[in-house]
Amino acid sequence: MTGANGWNIFWLRPEDIRENVIQHPYVADANVRIELPNRIDVRVTEPEPIAVWMTDLGPMWVLKPTAPCCPFVCPKAARWRPNS
């Protein structure tokens with residue numbers, strides 16, 4: 001997901017790694033730090049759903065739209081269970 005596998009740490013740019021990570025629909029934001037000699041610290045913020053849509057396939061998260069169109073629906077809520 002980061003695109004950094006196999007690269008020398010001195011060639012990596014945190015802003016490029018961040019751009020790759022935030023392309024994923026389940027990532028709202030990311031903070032990337034390169035730590036010498038051999039570590040990349042990536043911290044992600046997941047989007048918060050505005051609703052949970054119950055379907056035959058299971059619960060789906062409805063995410064706040066990032067562009068002026070319809071909300072994004074993702075199946076991430078498979079772990080989510082309503083309070084009993």
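Structure shown above.
In this report, we go over the structure that sits alongside the text. Computed from a predicted structure; not experimentally measured. (Residues numbered from 1 in each chain as written. Predicted model: local features only at pLDDT ≥ 70, side-chain atom pairs only at ≥ 80, totals over all residues. Heavy atoms only, no water.)

With respect to the overall build of the chain
Right, so step 1: Within the chain, the secondary structure is distributed over 1 helix and 5 strands.
Right, so step 2: The linear arrangement of helices and strands in the chain, starting from the amino end, is α-β-β-β-β-β.
Right, so step 3: Per-residue burial over the chain gives 23% buried out of 84 residues.
Right, so step 4: In the chain, the share of contacts with a sequence separation of at least 24, taken over all contacts with a separation of at least 6, comes to 18%.
Right, so step 5: Carbon and sulfur atoms make up 54% of the accessible area of the chain, which amounts to about 6700 Å² in all. (Helix = DSSP H or I, 4+ residues; strand = E, 2+ residues; numbered from the N terminus. Buried < 20%, exposed > 50% of the residue type's maximum accessible area, 1.4 Å probe, protein only. Contact = heavy atoms within 4.5 Å. Areas by Shrake-Rupley, 256 points an atom, 1.4 Å probe, with all protein chains shown as cover.)

Let's talk about the nonpolar core
Right, so step 1: In this structure, Ala4, Ile9, Leu12, Ile17, Val21, Val27, Ala30 and Val32 together form the largest nonpolar core, which totals 8 residues.
Right, so step 2: Those residues within four positions of Val27 in sequence are excluded, and the remaining contacts are Val21, Ile22, Val44, Thr45 and Pro47. (Core = buried A, V, L, I, M, F, W, Y, C linked by side-chain atoms within 4.5 Å.)

Some points on the pairing of strand 4 (residues 58–63)
Right, so step 1: With respect to burial, strand 4 is a largely interior element, 6 of its 6 residues being buried.
Right, so step 2: Alignment of strand 3 (residues 49–55) against strand 4, held across 6 bridges, turns out to be antiparallel. Residue pairing across strands places Trp53 opposite Met60, the latter belonging to strand 4.
Right, so step 3: Where strand 3 hands over to strand 4, the hairpin turn is made up of 2 residues, counted between the paired strands. (Pairing = 2+ DSSP bridges.)

So, the pairing of strand 2 (residues 39–45)
Right, so step 1: With 7 bridges connecting them, strand 1 (residues 29–35) and strand 2 associate as antiparallel partners. Of the residues in strand 2, the one forming a bridge with Glu35 is Arg39.
Right, so step 2: From the end of strand 1 to the start of strand 2, which pair antiparallel, there are 3 residues.

Description of unusual backbone geometry
Right, so step 1: The omega angle of the peptide bond from Leu36 to Pro37 is 15°, so this bond is cis rather than trans.
Right, so step 2: Tracing the sequence through the fold places Pro37 in the loop between strand 1 and strand 2.

Looking at a nonpolar patch on the surface
Right, so step 1: A cluster of nonpolar residues, Trp7, Phe10, Trp11 and Leu36, forms a patch on the protein surface that exposes about 600 Å² of accessible area.
Right, so step 2: Counting through the fold element by element, Leu36 comes out in the loop between strand 1 and strand 2.
Right, so step 3: Taking the relative accessible area as the measure of exposure, Leu36 reaches 57% and is therefore exposed. (Patch = residues over 30% accessible without salt bridge, like charges linked within 9 Å, V, L, I, M, F, W, Y side chains within 5 Å. Salt bridge = Lys/Arg side-chain N within 4 Å of Asp/Glu carboxyl O.)

Geometric values such as these leave the question of function open.
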